[in-house]
Amino acid sequence: MQRGTGTCKPRASLKRSKILHMALMGTSDPSGEAEASQEKPFVLRALQIALVVSLYWVTSISMVFLNKYLLDSPSLRLDTPIFVTFYQCLVTVLLCKGLSSLATCCPGTVDFPALHLDLKVARSVLPLSVVFIGMITFNNLCLKYVGVAFYNVGRSLTTVFNVLLSYLLLKQTTSFYALLTCSVIIGGFWLGVDQEGAEGTLSWTGTLFGVLASLCVSLNAIYTKKVLPAVDGSIWRLTFYNNANACVLFLPLLLALGELRALLAFPQLGSAHFWAMMTLGGLFGFAIGYVTGLQIKFTSPLTHNVSGTAKACAQTVLAVLYYEEAKSFLWWTSNMMVLGGSSAYTWVRGREMKKTQEEPHPRENEKSNMEV
């Protein structure tokens with residue numbers, strides 16, 4: 001009995017590390033999906049997946065449109081993008097702390113880790129927090145200067161930076177077919193920029209912020225792998241420390257850029273509607289992390305990436321309809337190239353990872369030959 005119990009923990013640890021690896025690399029676990037499908041009836045599982053994917057779509061699309069309203073609404077006229085980002089980080093910190101306290105006081109109510117601010121851990125997470133600040137700030141600045149319809153194309157180079165940084169920092173090579181999909185994404189990006197310029201709606205500032213946001217998203221994925229052990233592998237602890245560090249680091253930026261003075265002169269500073277929209281933006285920012293994990297849990301990392309691509313397509317169509325914009329055929333072609341290239345990259349990488357997992361390792365072959 002003791003021998004059987006002793007092998008249980010390593011297997012559980014191996015399974016957790018495997019899930020984390022798949023989430024970061026964007027691959028699926030066929031065995032896990034098979035086990036889950038056998039546990040529940042097909043109709044119930046299909047309904048759960050539909051509800052979770054719908055929740056992810058609604059949360060993600062609503063967050064983008066709400067942030068666009070807060071950052072660049074003619075009726076609001078609030079020119080404080082750093083403060084908007086700072087407030088959303090503050091809401092996330094308070095929500096994490098609140099849920100942690102609730103889980104401690106009422107066990108079983110919510111499944112949330114205990115959170116205690118440790119300055120040593122905060123310092124360990126600091127390099128990632130700097131990248132995290134760049135990622136969320138450049139995302140919001142990109143959204144401020146470009147339209148929601150062009151937002152996905154403006155930030156479409158994340159996959160390209162993933163490949164580039166994997167080679168430069170991790171010395172990992174990429175297959176020809178994966179590079180081919182990246183070339184499609186780059187072509188779609190430049191065609192989109194060209195068409196935005198032809199229509200007179202191009203913002204080079206917003207496009208630059210979009211490229212920087214893509215770079216920071218790639219760096220964030222790399223540094224997250226390195227920093228996770230400092231928070232015991234807990235994504236929620238990492239979220240708490242990242243946002244807590246961001247709140248502190250944003251304060252000098254608010255003073256240096258004069259956003260606090262602009263905020264004090266803001267006519268709607270005492271409006272309950274304004275603060276309700278700001279708080280709702282923070283809630284969506286917190287919720288997107290939860291629903292993303294939920295979608296991966298009920299489907300797979302590969303399906304999550306496909307869902308994200310389809311969501312981006314729906315978001316673009318909704319933006320064109322909502323803002324009553326007229327777009328050319330080539331503009332739509334650029335979007336399809338970006339979305340198609342991203343989907344193709346996910347598919348290629350998924351097949352490559354599956355093939356790698358199925359192939360026996362050379363050392364195992366040598367060992368088996370020696371035993372024979």
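In this text the structure is predicted, and so the values were computed from the model without any measurement.

Visitor: Would you mind showing me how to read the overall build of the chain here?
Guide: From N to C terminus, the chain includes 16 helices and 0 strands. The buried share of the chain, reckoned over its 372 residues, is 42%. Contacts in the chain between residues at least 24 apart in sequence constitute 81% of all its contacts with a sequence separation of at least 6. Total accessible area on the chain is roughly 20,500 Å²; 66% of this is exposed by carbon and sulfur atoms.

Visitor: Honestly, unusual backbone geometry in this entry has me stumped. Any pointers?
Guide: A positive phi angle, close to 55 degrees, is found at R77, a residue other than glycine. Relative to the elements of secondary structure, R77 occurs in the loop between α4 (42-72) and α5 (81-105). With relative accessibility at 72%, the residue R77 sits in the exposed group. In this structure, K171 is a non-glycine residue whose phi angle is positive, near 60 degrees. Of the residues examined, K171 reaches a relative accessible area of 63% and is grouped as exposed.

Visitor: Would you explain the confidence of the model for the chain in this entry?
Guide: Note: predicted coordinates in regions of low pLDDT should not be interpreted at a detailed level. Here the chain averages 85 in pLDDT, and 85% of its residues register 70 or above. Per-element averaging of pLDDT across the chain places helix α2 (residues 8-25) at the bottom with 43 and helix α9 (residues 176-198) at the top with 95. Segment residues 1-37 is flagged for pLDDT under 50; beyond a separation of four residues in sequence, or across chains, it makes 28 contacts in the model. Throughout residues 366-372 the model reports pLDDT below 50, and contacts reaching past four residues in sequence, or to other chains, amount to 0 contacts.

Visitor: Which parts of the structure should I look at to understand the side chain of S218?
Guide: You can see S218 is positioned in helix α10 (residues 204-227). There is a polar contact of 3.0 Å between the side chain of S218 and the backbone oxygen of T158. Side chain to side chain, S218 and N162 meet in a polar contact 2.9 Å long. Excluding residues that lie within four positions of it along the chain, S218 makes contacts with T158, F161, N162 and L165.

Visitor: Looking at this structure, how should I read the pattern of salt bridges?
Guide: Oppositely charged side chains may form a pair once their charged atoms are brought near each other. In the structure shown here, the tally under the stated rule is 6 salt bridges. Note that K68 is salt-bridged to D72, the shortest N-O span being 3.3 Å. With K68 and D72 both in helix α4 and 4 residues apart, this pair spans about one turn of that helix. On the basis of relative accessible area, K68 is assigned to the buried category, the value being 9%. Taking relative accessible area as the criterion, D72 reaches 38% and is therefore assigned partly exposed. Close ionic contact of E352 with R349 constitutes a salt bridge, the shortest N to O distance being 3.1 Å. Linking E352 with R349, this pair stays in helix α15 (residues 329-358), spanning 3 residues, or about one helical turn.

Visitor: Which parts of the structure should I look at to understand the packing of helix α13 (residues 272-298) against helix α14 (residues 301-322)?
Guide: Each pair of packed helices can be described by the angle between their axes along with the distance between the axes. Two elements in contact, α13 and α14, have axes separated by 7 Å at closest approach and are oriented at 125 degrees. Taken as axis vectors, α13 and α14 run oblique relative to one another. Both α13 and α14 take part in a crossing whose hand is right-handed. Between α13, through T292, Q295 and I296, and α14, the contact on the second element is made entirely by P301, H304 and S307. Looking at the contact of α13 with α14 residue by residue, the classes come out as 2 nonpolar, 4 polar and no charged.

Visitor: Mind showing me how you'd approach the UniProt feature "transmembrane region" (unreviewed entry) in the chain here?
Guide: UniProt annotation of "transmembrane region" (unreviewed entry) refers to residues 49-70, 82-100, 121-138, 150-169, 176-193, 205-223, 244-266 and 272-293 when read in the numbering used here. Helix makes up 100% of residues 82-100 and strand 0%, whereas the separation of the span's terminal C-alpha atoms amounts to 27 Å. Secondary structure across residues 150-169 divides into 85% helix and 0% strand, with the first and last C-alpha atoms of the span separated by 30 Å.

Visitor: Please explain the packing of aromatic side chains as it appears in this structure.
Guide: Centre-to-centre distance and the angle between the planes together describe a pair of aromatic rings. All told, the structure shown has 17 aromatic pairs when counted by the stated rule. Consider the rings of F65 and Y323, whose centres lie 6.2 Å apart with planes at 10 degrees: the pair is stacked. One end of the pair, F65, is in helix α4; the other, Y323, is in the loop between α14 and α15, with 258 residues separating them in the sequence. An aromatic cluster is built from F83, F86, Y87, F266, F274 and W275, whose rings are joined through pairwise contacts. If you follow K226 out to its NZ or CZ, it ends over the ring of Y223, 5.4 Å from the centre.

Visitor: Before we go on, may I ask you to explain the environment of A312 in this structure?
Guide: Structurally, the position occupied by A312 is in helix α14. For A312, a relative accessible area of 7% corresponds to the buried category. Residues A312 and Y151, 161 residues apart in the sequence, show an inter-C-alpha distance of 9.3 Å.

Visitor: Help me understand the environment of L283, please; the structure alone is not making it clear to me.
Guide: Position of L283 among the secondary structure elements: in helix α13. For the pair L283 and V91, spaced 192 residues apart in sequence, the C-alpha to C-alpha distance is 6.9 Å. Leaving out residues up to four positions away in the same chain, L283 has contacts with V91 and L95.

So, how was this worked out
Residues numbered from 1 in each chain as written. Predicted model: local features only at pLDDT ≥ 70, side-chain atom pairs only at ≥ 80, totals over all residues. Heavy atoms only, no water. Helix = DSSP H or I, 4+ residues; strand = E, 2+ residues; numbered from the N terminus. Buried < 20%, exposed > 50% of the residue type's maximum accessible area, 1.4 Å probe, protein only. Contact = heavy atoms within 4.5 Å. Areas by Shrake-Rupley, 256 points an atom, 1.4 Å probe, with all protein chains shown as cover. pLDDT = per-residue confidence, 0-100. Polar contact = N/O pair within 3.5 Å; in protein donor to acceptor, adjacent residues only side chain to side chain. Salt bridge = Lys/Arg side-chain N within 4 Å of Asp/Glu carboxyl O. Axes fitted to C-alpha atoms, helices over the stretch in contact; angles between N-to-C directions. Parallel < 35°, antiparallel > 145°, perpendicular 65-115°, else oblique. Left-handed = near helix turned anticlockwise from the far one by under 90°. Nonpolar A, V, L, I, M, F, W, Y, C, P; charged D, E, K, R; others polar. UniProt positions renumbered as here; feature names shortened; annotations may be inferred. Phe/Tyr/Trp six-rings, centres within 6.5 Å; stacked < 30°, edge-to-face > 60°. Lys NZ or Arg CZ within 6 Å of the ring centre and 35° of its normal.

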